[in-house]
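# Residue-level structure breakdown
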Amino acid sequence: MTESVAVHPVVSPWGRFGLYSFFIDAPEPAIVDTGIASSPAEGMVPALEAIGRRIEDVRWILLTHGHIDHIGGAYALWELTGRRAQVVIHEADAPMLRSRRAHVDEYLAGRAQYLDDPDGEAKLTEATKAVISGEMEPTLLVRGGETISLGGDVTVTAHSIPGHTRGSVAYVINGQNDVFVGDAVQVHGAANGFPGFVDPADYRASLQYLRDQIRPRHLYLGHPYRRADGTPYGVELDAGQAEEALTGSLEIEARVNSAAHDCWAAGLQESDSPYSPFARVAEELGYAGDPSLEPSPFFTTLNGYRTTFDHMTEDEEINTHG
């Protein structure tokens, strides 16, 4: 690539924080992540008009993962492009683009086990109807390693970075090393103050890969994730900030891992604590956030450790924790 392409953050309002997408101003323009159903019309259209671009000209929709605040606007955006844009997602997260019900099933299999909410399934079902603009089949499924041409000499390579979800993807603009990771770099989390991921081992490996192999020149995050003191990074990080955020994410994962292992080794205890059966983890980490606040990263993450520990052999436990 001989000339750099511009990247423009696009924010759409929603709930406790804005939803961020990114416009890649290439010969075949791309948008990374799509917010929710209202985001394309209310956020993207005016943002592109402000820089002299048109939503109709977008030719690529690159989805970093399958959560509703990232794929919810995909169908609506695809419609606004005259159904000409190519829609890209990792094959492991594609079911969440194809089906609203997949989001409910994920909830029931994970964090719902710990949330005392008899109406949880019904509320999430209604939420998926409201914020996902439509079910659709992706144009292109990726596994990691694929290179996509955005016209001219502009290319983007997809890298598999599972952990936050099984199908999380980093898109790297080749030649300028701008890296879009969605929610795959959690640091200390966003509004809930706790990092969220479904597979701890994959999350660690992906963070190490991004830091040591990809080494972003610019790192673009799906939300303004926070440092230990609660201050947000924002969503556009330079090389130094990117390394700091990746290292910080690894450090907090190690702390959560240690606390989770101690809790698991002592035996999970059901109690009146809102963090039950992982109250020991919250106490050890000094975590006082609301674990019921959706998307409930506390229980999503601890369920991931529980699943990991339940499947470890005694030798693996000794090798991992000494």
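Our subject is the structure that appears above.
This text gives an overview of the structure that appears in the document. Computed from a prediction, not measured in an experiment: that's the story for all the values here.

Its location among the elements puts D183 in the loop between β10 (178-182) and α7 (200-214). D183 gets classed as buried once you look at its relative accessible area, which sits at 4%. Polar contacts involving the side chain of D183 include one to the side chain of H70, which spans 3.0 Å. For D183, the residues in contact, after removing those within four places along its chain, are H65, D69, H70, H164, G222, H223 and Y225.

Glancing now at the nonpolar core. Among the nonpolar cores identified, the biggest contains 47 residues, and V181, V185, L210 and F298 are the most heavily contacted of them. For this core, the leading source of residues is helix α8 (residues 239-266), giving nine residues. Those residues in contact with L210 that sit more than four places away from it in its chain are I161, A170, V179, V181, V185, R215, P216 and L246.

Turning to the sheet that holds strand β12 (residues 236-238), a few remarks are in order. Here we have six strands laid out as an open sheet, ordered β7-β8-β9-β10-β11-β12, and mixed in their pairing. Each edge of the open sheet is held by one strand with a lone partner, namely β7 (147-149) and β12. The average angle at which neighbouring strand axes cross in this sheet is 25°, direction not considered. Pairing analysis gives five bridges linking strand β8 (residues 155-160) to strand β9 (residues 169-173), with the strands arranged antiparallel. Across the sheet, H159 pairs through a bridge with A170, a residue of β9. In this fold α7 packs onto β8, β9 and β10, with an angle of close to 175° to the strand it touches most, β10. Sitting on the sheet, α8 is in contact with β11 (218-221) and β12, with an inclination near 100° to β12.

Conventions and cut-offs
Residues numbered from 1 in each chain as written. Predicted model: local features only at pLDDT ≥ 70, side-chain atom pairs only at ≥ 80, totals over all residues. Heavy atoms only, no water. Helix = DSSP H or I, 4+ residues; strand = E, 2+ residues; numbered from the N terminus. Buried < 20%, exposed > 50% of the residue type's maximum accessible area, 1.4 Å probe, protein only. Polar contact = N/O pair within 3.5 Å; in protein donor to acceptor, adjacent residues only side chain to side chain. Contact = heavy atoms within 4.5 Å. Core = buried A, V, L, I, M, F, W, Y, C linked by side-chain atoms within 4.5 Å. Pairing = 2+ DSSP bridges. Axes fitted to C-alpha atoms, helices over the stretch in contact; angles between N-to-C directions.

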